[in-house]
Amino acid sequence: MAKELKELTPRSVSYSQWYQDLVIKADLAENSAVRGCMVIKPYGYAIWENMQRELDRMFKETGHVNAYFPLFIPKSFLSKEADHVEGFAKECAVVTHYRLKNNPDGSGVVVDPEAKLEEELIVRPTSETIIWNTYKNWIQSYRDLPILCNQWANVVRWEMRTRLFLRTAEFLWQEGHTAHATREEAEEEAVKMLHVYGDFAENFMAVPVHKGVKSANERFAGAVETYTIEALMQDGKALQSGTSHFLGQNFAKAFDVQFATKEGGRDYVWATSWGVSTRLMGALIMSHSDDNGLVLPPKLAPLQVVIVPIYKGEEQLKAIADKVDPLISKLKAAGVRVKFDDSDNKKPGWKFAEYELKGVPVRLAMGLRDMENNTVEVARRDTLTKQTVSFENLDTYLINLLDEIQQNIFQKAFDYRTANTRTVETYEEFKVELEKGGFLLAHWDGTPETEELIKDETKATIRCIPLEGDKTPGKCMVTGKPSAQRVLFARAY
RNA sequence: CGGGGUGUAGCGCAGUCCGGUUAGCGCACCUGGUUUGGGACCAGGGGGUCGGGGGUUCGAAUCCCUCUACCCCGACCA
């Protein structure tokens, strides 16, 4: 009975329902009173904070600094870069007034028609325009370059159809915006940040990603080149998990940002921007979790080890607490996030199920039997296995185990991706294989028309032109025209 | 924005077709007791504008209109 309350829809029944159930039941987020906007709950936010902390560290290690730019963007700014406005205009929230007043009929408040803004403000869908308008004032000479700023912010893109974390009208992200004196330096920056994202995804989220270049159709509005990391979810669909853009001089020209070169000339500044969002939460959930709940990689889990005492009466609980206390101190000193759950209003079995649902990597159970034998029961979330382990040097054992779990989770995801990445030669074969899900490596003639045709007929898109791997040329599977290398196709979120 | 579905206590649902005393059940919650190695049990208790508004009727959770939110499938996008 009670079991059904927490039970998730199995992935085999409905993957999207499973995802929805999991986000809600693991207490990560919920829908809000505002359509399309979510409330990120403390447990979900704790995971996001762990992501932020690590990414922020990586950004700073690569020379970046944080700053903050306004939420509102003058409407006129957006229209300065033609492709950019084209890409975002359809999903912008607009502020038109700055005051409310009491409705004369007493039914609450209404917008005061007299408080109309001189120029309407856009709620940022991304900040390139306001930032380049600002950078214009910061940059006079090559000596002012590079500028390597990042901001942690919220953005709004008015979406028709939303899904918790994967696509919401408002989301949290970071956006890096850099300005450089040379084309080469900006291109290097864009690629460097792509690799930072790739490292983060693989080493912290334990999500293997393909790094590559977007085709023209999929490129960021206003970019010269868009780099992407693409992950594969358990249902065989791809998820774009982070992008890094080489913006060329497009924004510098739109906002007239020029600088005095070393050689005494004048040139437009070269730019990049790059971002990852709370969508990463979706990637994390859909990469590892199972029908019992979340599976979190130890490096991002808010709680890494939970200790559940099994006892009768106060004395036994006290004895167990005294026994594990030094262990907890040692683990904490080693930086392990550990909790001793001595709450008395839930039975051990309930706690076991709950911590499984929440994806805590390691659970220890300790009762009278263990006290007598100087052992503890260690349960792994990733494999759902249990083992009785000696209490001696348990801290070292657990620290190693967390490492092993991190590795294992990555390896599982990696093997899944390998098993679901196939090379196809013909368009017929492509259509057949596509139905099985996963990534398909195929030759493409490089034209937007062919990509569009494939998308219309199969719903598959080019996720990226991989930077690594097989670079052998061939012939386009659709047109037979020359292809420089195989590209990565999939149906995507 | 099109097609379909759902909205009844904090959560999950029954009741709606065929209108009729006081709207039920499970979980959760509160009190007391017994329990504690995989979601404990007994007894007692509290909690509802039946998604909102309007209409039909002597009478509406139930019938009609309308709005709204969420979910699924499409079109569009991170």
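For clarity, every value in this text was computed on a predicted model and none was experimentally measured.

1. Overview of the sheet that holds strand 8 (residues 116-123)
Argument step 1. If you walk across this open sheet you meet the 3 strands as 4-8-5, and the pairing is antiparallel. A single partner strand is all that each edge strand has here, and the edge strands are strand 4 (72-74) and strand 5 (94-97). Between one strand and the next, the sheet's axes are offset by a mean angle of 40°, whatever the strand orientation.
Argument step 2. Across 3 bridges, the pairing between strand 5 and strand 8 is antiparallel. When the bridges of strand 8 are listed, Val95 appears paired with Leu121.

2. Focus on the environment of Pro448
Argument step 1. Relative to the helices and strands, Pro448 resides in helix 15 (residues 448-458).
Argument step 2. Between the C-alpha atoms of Pro448 and Glu218, which are 230 residues apart in sequence, the distance is 9.7 Å.
Argument step 3. When neighbours within four sequence positions are excluded, Pro448 is seen to be in contact with Ala216 and Asn217.

3. Focus on the packing of helix 10 (residues 313-333) against helix 13 (residues 394-419)
Argument step 1. Orientation of helix 10 relative to helix 13, taken along the N-to-C sense of each, is 45°, at an axis distance of 9 Å. It follows that helix 10 is oblique to helix 13 by the angle criterion. Of the two elements, helix 10 crosses helix 13, and the hand of that crossing is right-handed. Of the residues in helix 13, those touching helix 10 at Leu327, Lys330 and Leu331 are Leu394, Asp395 and Leu398.
Argument step 2. In terms of residue class, the contact of helix 10 with helix 13 is built from 4 nonpolar, no polar and 2 charged.

4. A closer look at the sheet that holds strand 21 (residues 386-390)
Across a sheet, paired strands are connected by hydrogen bonds in the backbone, their directions being either parallel or antiparallel.
Argument step 1. Across the sheet, which stays open at both edges, the 5 strands sit in the order 18-17-19-20-21 with mixed pairing between neighbours. Bordering the open sheet on either side are strand 18 (338-340) and strand 21, each of which pairs with just one other strand. Averaged over all pairs of adjacent strands, the angle between their axes in this sheet comes to 25°, without regard to strand direction.
Argument step 2. Pairing geometry for strand 17 (residues 305-309) and strand 18, over 3 bridges, is parallel. Bridging across to strand 18, Val306 finds its partner in Lys339.
Argument step 3. Across the sheet, helix 11 (residues 348-357) is in contact with strand 17 and strand 19 (362-366); its angle to strand 17 comes to roughly 165°.

5. Examining the domain arrangement of chain A
Argument step 1. Partitioning chain A into structural domains gives domain 1 (6-89 + 126-288), domain 2 (305-405) and domain 3 (421-490).
Argument step 2. On a C-alpha basis, the centroid separation for the pair domain 1 and domain 2 is 38 Å.
Argument step 3. Each partner contributes to the interface: domain 1 provides 4 residues, whereas domain 2 provides 4 residues.
Argument step 4. Class assignment of the residues belonging to the side of domain 1 that touches domain 2 gives a composition of 2 nonpolar, no polar and 2 charged.

6. Topic: the nonpolar core
Argument step 1. Membership of the largest hydrophobic core comes to 118 residues, with the highest contact counts inside it found for Val23, Met205, Val207, Ala231 and Val269.
Argument step 2. Contact partners of Met205, with chain neighbours within four places excluded, come to Phe200, Leu280, Ala283, Leu284, Pro297 and Leu300.

Conventions used here
- Residues numbered from 1 in each chain as written.
- Chains lettered and ligands numbered in written order.
- Predicted model: local features only at pLDDT ≥ 70, side-chain atom pairs only at ≥ 80, totals over all residues.
- Pairing = 2+ DSSP bridges.
- Helix = DSSP H or I, 4+ residues; strand = E, 2+ residues; numbered from the N terminus.
- Axes fitted to C-alpha atoms, helices over the stretch in contact; angles between N-to-C directions.
- Contact = placed C-beta atoms within 7 Å.
- Parallel < 35°, antiparallel > 145°, perpendicular 65-115°, else oblique.
- Left-handed = near helix turned anticlockwise from the far one by under 90°.
- Nonpolar A, V, L, I, M, F, W, Y, C, P; charged D, E, K, R; others polar.
- Domains from an automatic or database assignment.
- Core = buried A, V, L, I, M, F, W, Y, C linked by C-beta atoms within 7 Å.
- Buried ≥ 20, exposed ≤ 12 C-beta atoms within 10 Å, placed from the backbone.

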